[in-house]
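One-letter residues, chain by chain:
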Amino acid sequence: MTQAHTRETGQLGGAPQQSGSRIGRLFDRLRNDRGIWRRGLVLAAIAVLLALVMIFHADIPNRVGNLGSLLETFLPWLGVFLPVLLVLGLVRRSASAVLALVLPVAVWLNLFGGLMFSDKSGSGGELTVVTHNVNAENADPTGTAKDVAASGADVVALEELTDSAVPTYERALTGTYRYHTVQGTVGLWSKYPLSGTKPVDIKLGWTRALRTTVATPGGEVGVYVAHLPSVRVKFNAGFTAGQRDDSAEALGQAIAREPLNKVILLGDLNGTMNDRALAPVTAQMRSAQGAAGDGFGFSWPASFPMARIDQIMVRGLDPVSAWALPRTGSDHLPLAASVDY
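One structure accompanies this document, and this report is about it. The model shown is predicted, which means the values in this text are computed figures rather than measured ones. (Residues numbered from 1 in each chain as written. Predicted model: local features only at pLDDT ≥ 70, side-chain atom pairs only at ≥ 80, totals over all residues. Heavy atoms only, no water.)

Side note on the overall build of the chain
This is how the line gets drawn: Secondary structure follows DSSP: runs of H or I at least 4 residues long count as helices, runs of E at least 2 residues long count as strands, and numbering of each begins at the N terminus. Note on exposure labels: buried denotes an accessible area under 20% of the residue type's maximum, exposed denotes more than 50%, and partly exposed covers the range between, all computed with a 1.4 Å probe on protein chains only. Note on contacts: a residue pair qualifies if any of its non-hydrogen atoms lie within 4.5 Å across the two residues. Each accessible area is a Shrake-Rupley result for a 1.4 Å probe, and residues are judged covered by the shown protein chains and nothing else.
Counting secondary structure elements, the chain contains 12 helices and 14 strands. Of all 341 residues assigned to the chain, the portion counted as buried reaches 47%. Restricting to contacts in the chain with at least 6 residues of sequence separation, those with at least 24 account for 67%. Only carbon and sulfur atoms are counted for the fraction: they give 58% of the accessible area of the chain, which is about 17,100 Å².

Here's what the structure looks like:
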């Protein structure tokens, strides 16, 4: 009996025992997995391709459907693919896919990390401006005007004004802003006197841009308000932006001829700062959001902002802060910025 008991005990004692942590066992399996570098090569290739697209986005041609401008409009959103590729690489247990992902991550952080993870905004500012595409179909223009006036801005630019809505905005804003002008479908309301106001021809056949001089406490500032033509994404035509591009060229020429050193551009440009088609404008001005904003400052669509197609740009002025205001009855968010003279 004793011998039998001894043999049974010995058999139990000889059973294999698991040791070490679960993570340690996982690393052991991965280390002994001979296919870890061979699996996921397609995922690795996609990661490298994604990096190349971001690096050479300016070289993607616009000849076919304005593909380059379409990509640049939503360029920051390419970062959404990074965590997707990471998860797929981990599921596939592919060291190649995970390692290749380092390249597009580094490129994306180089392009947008400063916007995403740093707050460049300061406090104060000697002049505060707001721009807002109020939407021609806005069902509550009075509420929108009051919301904009409550921002405390010294100068407010409104785009997409209709003839029927202009009196409503005038009544709602007159108490806060003594001076204003409306040219076509764009308008400017100011606490400071205006002079030299005129429409700006942006090659549309009707007025969607203006230029005026605002006599601020820091001196005269040339202020432009513009609403460039809309763009469309069509299955049979791609990114149709030809009219927008022509208007951007005309607006850039007008700003280049501006005699004042201090200039502000407010408006809906239907394009982002990354879009090469806006270079006639963006090449000679600074984005307030890019210089002193917190985050990307997306403004459209208001229900789920995906792009900053509304812009506040300056020349000869120093941006102090830039931000998006709360949603109004429009499909765009209002944008604000404070600058020093």
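A look at the sheet that holds strand β11 (residues 286-287)
Quick note on the threshold: By this definition, two strands are paired if DSSP reports at least two bridges between them. Each axis is a line fitted through C-alpha atoms, taken for helices only over the stretch in contact, and angles between the N-to-C directions span 0 to 180 degrees.
Sheet architecture is open: 6 strands sit in the order β5-β6-β7-β10-β12-β11, paired in mixed fashion. In the strand order of this sheet, the two ends are held by β5 (194-199) and β11, each with one partner. Both β5 and strand β6 (residues 209-216) contribute to a ladder of 4 bridges, which runs antiparallel. Pairing of Lys198 across the sheet is with Arg211, part of β6. Packed on one face of the sheet, helix α10 (residues 242-256) meets β7 (219-227), β10 (263-268) and β12 (310-315) and runs near 175 degrees to β7.

Observations regarding the packing of helix α8 (residues 141-149) against helix α9 (residues 166-173)
Note the following rule: With the far helix as reference, a near helix turned anticlockwise by less than a right angle produces a left-handed crossing, and one turned clockwise produces a right-handed crossing. Each residue receives one of three labels: charged for Asp, Glu, Lys and Arg, nonpolar for Ala, Val, Leu, Ile, Met, Phe, Trp, Tyr, Cys and Pro, and polar for the others, Gly being one of them.
Close contact between α8 and α9 brings their axes to 9 Å; oriented N to C, the two are set at 40 degrees. Seen from above, α8 lies across α9 with right-handed handedness. Note on element contacts: α9 touches α8 through Thr168, Tyr169, Ala172 and Leu173, opposite Pro141, Thr142, Thr144, Ala145 and Ala149. Among the residues forming the contact of α8 with α9, the class breakdown is 6 nonpolar, 3 polar and no charged.

Let's talk about the pattern of salt bridges
When the charged atoms of two side chains with opposite charge come close together, those side chains can pair. Which entries qualify depends on this criterion: Criterion for a salt bridge: a side-chain nitrogen of Lys or Arg within 4 Å of a carboxyl oxygen of Asp or Glu.
Per the stated rule, a full pass over the model turns up 5 salt bridges. Residue Glu258 is joined to Arg211 by a salt bridge in which the shortest nitrogen-to-oxygen separation is 2.9 Å. Here Glu258, found in the loop between α10 and β10, pairs with Arg211, found in strand β6; they are 47 residues apart in sequence, far enough to count as distant. It is possible to trace a salt-bridge network through shared partners that takes in Arg244, Asp245 and Asp275.

Brief notes about the nonpolar core
Note the threshold: In these notes, a set of buried Ala, Val, Leu, Ile, Met, Phe, Trp, Tyr and Cys residues joined through side-chain atoms within 4.5 Å is what counts as a nonpolar core.
Counting residues in hydrophobic clusters, the biggest one holds 22 residues, and the most contacted among them are Val129, Leu188, Ile264 and Leu266. Elements that contribute at least two residues to this core include exactly β1 (127-133), β2 (155-159), β4 (186-190), β6, β7, β10, β12 and β14 (335-340). Counting 21 residues, the second largest nonpolar core, distinct from the first, contains Ile60, Ala97, Leu115 and Phe298.

A few points about the sheet that holds β1
If you trace the 6 strands from one edge of the open sheet to the other, you get β3-β4-β2-β1-β14-β13, paired in mixed fashion. Every interior strand has two partners, whereas the edge strands, β3 (179-183) and β13 (318-324), have only one. Pairwise comparison of adjacent strand axes, ignoring direction, gives a mean angle of 15 degrees for this sheet. Pairing of β3 with β4 involves 5 bridges; the strand directions are antiparallel. Within β4, the position partnered with His180 by the bridge is Trp189.

Quick notes on empty space enclosed by the protein
The condition is simple: Whether a set of points on the 1 Å grid over the protein atoms alone is a cavity depends on a 1.4 Å probe fitting there but being unable to get out, while an open set qualifies as a pocket with protein on both sides within 12 Å along at least five of seven lines; lining residues are those with an atom within 4 Å of a point. Grid points are joined across faces, edges and corners, and a volume is the space filled by probe spheres set on the points.
The final tally for this structure, using the stated rule, is 2 cavities of 30 Å³ or more. Considering only enclosed or pocket space, the largest cavity measures out at about 80 Å³ in volume. Along its surface, the largest cavity is lined by 13 residues, and Gln289, Arg308, Ile312, Ala322 and Leu335 are the ones closest to its centre. Residue assignment for the lining of the largest cavity shows that the elements contributing at least two residues are α12 (288-292), β12, β13 and β14. Grouping the amino acids of the lining of the largest cavity by side-chain chemistry returns 7 nonpolar, 4 polar and 2 charged. Here the second largest cavity defines a volume of roughly 40 Å³. Taken together, Val134, Asn135, Ala136, Asn138, Glu160, Leu161, Thr162, Ala165 and Tyr169 make up the lining of the second largest cavity.

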